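The lines below spell out each chain.
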Amino acid sequence: MKKWVSLFGFFVVMACSTTRFVDSWKNKEVSSFQPEKLLIIGMTENLTARMIFEEELKKQFVKYGIDAHESSMVLDRSFTDSQRSEEEIDAMEEQLLTQGFDAVVITAIIGVDDKRSYNSGYYTFGYHWYRFGPYYYRFQDLYYTPDYYSDYQVYHVETSIYNIKEDMDRSLVWVGTFDIVDPTDITSTVDDYVERIIMQLEREGVIQKTNSLQ
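Residues numbered from 1 in each chain as written. Predicted model: local features only at pLDDT ≥ 70, side-chain atom pairs only at ≥ 80, totals over all residues. Heavy atoms only, no water.

By volume, the largest pocket is sized at about 950 Å³. In terms of lining residues, the largest pocket is bounded by 31 residues, among which Ile 41, Met 43, Ile 89, Met 92 and Ile 106 are the most central. Listed by contribution, the elements that provide at least two residues to the lining of the largest pocket are strand S2 (38-42), helix H1 (47-62), helix H2 (77-80), helix H3 (86-98), strand S4 (103-118), strand S5 (149-163) and helix H5 (168-171). Tallying contributions element by element places H3 first for the lining of the largest pocket, with six residues. (1 Å grid on protein atoms, 1.4 Å probe; cavity = no way out; pocket = protein on both sides within 12 Å on 5 of 7 lines; lining within 4 Å. Points joined across faces, edges and corners; volume = space filled by probe spheres on them. Helix = DSSP H or I, 4+ residues; strand = E, 2+ residues; numbered from the N terminus.)

Before going further, it helps to spend a moment on a negative patch on the surface. Taken together, the side chains of Glu 86, Glu 87, Asp 90 and Glu 94 define an acidic patch exposed on the protein surface. You can see Glu 86 is positioned in helix H3. Note on Glu 86: relative accessible area 64%, which makes it exposed. (Patch = residues over 30% accessible without salt bridge, like charges linked within 9 Å, V, L, I, M, F, W, Y side chains within 5 Å. Areas by Shrake-Rupley, 256 points an atom, 1.4 Å probe, with all protein chains shown as cover. Salt bridge = Lys/Arg side-chain N within 4 Å of Asp/Glu carboxyl O. Lys, Arg positive; Asp, Glu negative; His and termini not counted. Charge placed at Lys NZ, Arg CZ, Asp CG, Glu CD. Buried < 20%, exposed > 50% of the residue type's maximum accessible area, 1.4 Å probe, protein only.)

Before going further, it helps to examine the nonpolar core. Phe 61 and Ile 207 are the most contacted members of the largest nonpolar core, which has 28 residues in total. When contributions to this core are tallied by element, the ones reaching two or more residues are S2, H1, S4, S5, strand S6 (172-181) and helix H6 (186-203). The element that contributes the greatest number of residues to this core is H6, accounting for six residues. The next biggest cluster of nonpolar side chains, apart from the first, holds nine residues, and it includes Ile 41, Met 92, Phe 101 and Ile 164. (Core = buried A, V, L, I, M, F, W, Y, C linked by side-chain atoms within 4.5 Å.)

Tracing the backbone shows Lys 37 in the loop between strand S1 (18-26) and S2. Despite its burial, Lys 37 pairs with no opposite charge; the closest candidate is Asp 67, at 5.7 Å N-O. At a separation of 2.9 Å, a polar atom in the side chain of Lys 37 contacts the main-chain carbonyl oxygen of Gln 99. In this structure, Lys 37 is in contact with Asp 67, His 69, Gln 99, Gly 100, Phe 101, Asp 102 and Ala 103, ignoring residues within four places of it in sequence. (Polar contact = N/O pair within 3.5 Å; in protein donor to acceptor, adjacent residues only side chain to side chain. Contact = heavy atoms within 4.5 Å.)

The next thing to look at is the pairing of S2. Burial analysis of S2 places five of its five residues in the buried class, which makes it a mostly covered element. The alternating pattern of S2 places Leu 38, Ile 40 and Gly 42 on one face and Leu 39 and Ile 41 on the opposite face, and all of these are buried. Relative to strand S3 (residues 68-70), S2 runs parallel, the two being bridged by three bridges. Within S3, the residue paired with Ile 40 across the bridge is Glu 70. You can see the chain leave S2, run along H1 and come back into S3, and the turn it takes is right-handed. (Pairing = 2+ DSSP bridges. Right-handed = clockwise from strand over helix to strand, strands pointing away.)

Moving on: empty space enclosed by the protein. In total, this model carries one cavity of 30 Å³ or more according to the counting rule given. Volume-wise, the largest cavity comes out at about 30 Å³. In terms of lining residues, the largest cavity is bounded by Lys 26, Val 30, Ser 31, Ser 32, Phe 33, Val 173, Gly 205 and Val 206. Looking at the lining of the largest cavity residue by residue, the classes come out as four nonpolar, three polar and one charged. (Nonpolar A, V, L, I, M, F, W, Y, C, P; charged D, E, K, R; others polar.)

To continue, consider H6. Across its 18 residues, H6 extends 26 Å between first and last C-alpha, which sits within 8% of the 26 Å expected from 1.5 Å per residue. Turning to H6, its buried residues number three or more, namely Thr 189, Val 190, Asp 192, Tyr 193, Val 194, Arg 196, Ile 197, Ile 198, Gln 200 and Leu 201. Phi turns positive, to about 75°, at Gly 205, one or two residues after H6. (Expected span 1.5 Å × (residues − 1).)

For the rest of this paragraph, the subject is the packing of aromatic side chains. Applying the stated criterion to the full structure yields three aromatic pairs. Ring centres 5.7 Å apart and planes at 65° place the aromatic pair Phe 21 and Phe 178 in the edge-to-face group. One end of the pair, Phe 21, is in strand S1; the other, Phe 178, is in strand S6, with 157 residues separating them in the sequence. An angle of 40° between the planes, with centres 6.3 Å apart, marks the rings of Phe 53 and Tyr 193 as tilted. Residue Phe 53 is located in helix H1, and its partner Tyr 193 is located in helix H6; the two are separated by 140 residues in the primary sequence. The two residues Phe 53 and Tyr 193 agree in class, both being buried. Through successive ring pairs, a cluster of aromatic residues spans Phe 21, Phe 53, Phe 178 and Tyr 193. Cation over ring: Lys 37 sits above Phe 101, and NZ or CZ is 4.5 Å from the ring centre. Residue placement shows Lys 209 over the ring face of Tyr 64; its charged tip is 5.4 Å from the ring centre. (Phe/Tyr/Trp six-rings, centres within 6.5 Å; stacked < 30°, edge-to-face > 60°. Lys NZ or Arg CZ within 6 Å of the ring centre and 35° of its normal.)

The following block contains the structure:
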């Protein structure tokens, strides 16, 4: 389980994929977000998943006139293969600044919950609720029906946008949390999650298409 608790640990084959918006925060001190050069970081040990996610999110940001770049094409593989000190990360940030980057969007899993879904066909209201006998009769299948319930996981994912040219108080531009419920394959999960991120950013006025792109 620990192996998969990274950005795309949820890329296992399951029944269906649903991304749900949970909450967000927008820095009121930031009137508009118009980065000159944006770096997209998907934090995961799965290089394939990372590249698919970053490429898809890049495509969506480009539609909004944002010069976006994938971290898999910018950060050296050796840098992400092992834990780095705060000093090393600060040095990496300075290097990004020298390369013209002024903003970073970073996504990571912040938690995973194991859930259990009960077969709705069994859970119905009716006369059996009023007497013991009918109730027992209605739900006795629980003793011997293995498919009465199914287990699945919910991944809590967080995406944050930082302006790395600003001071600490103004650095965080926006942060949003989402739940990915019972995910499927990499492509469909990425498409679903990226669509929800972009939709929320546009809804909150963090990004907007220019007249020439509308």
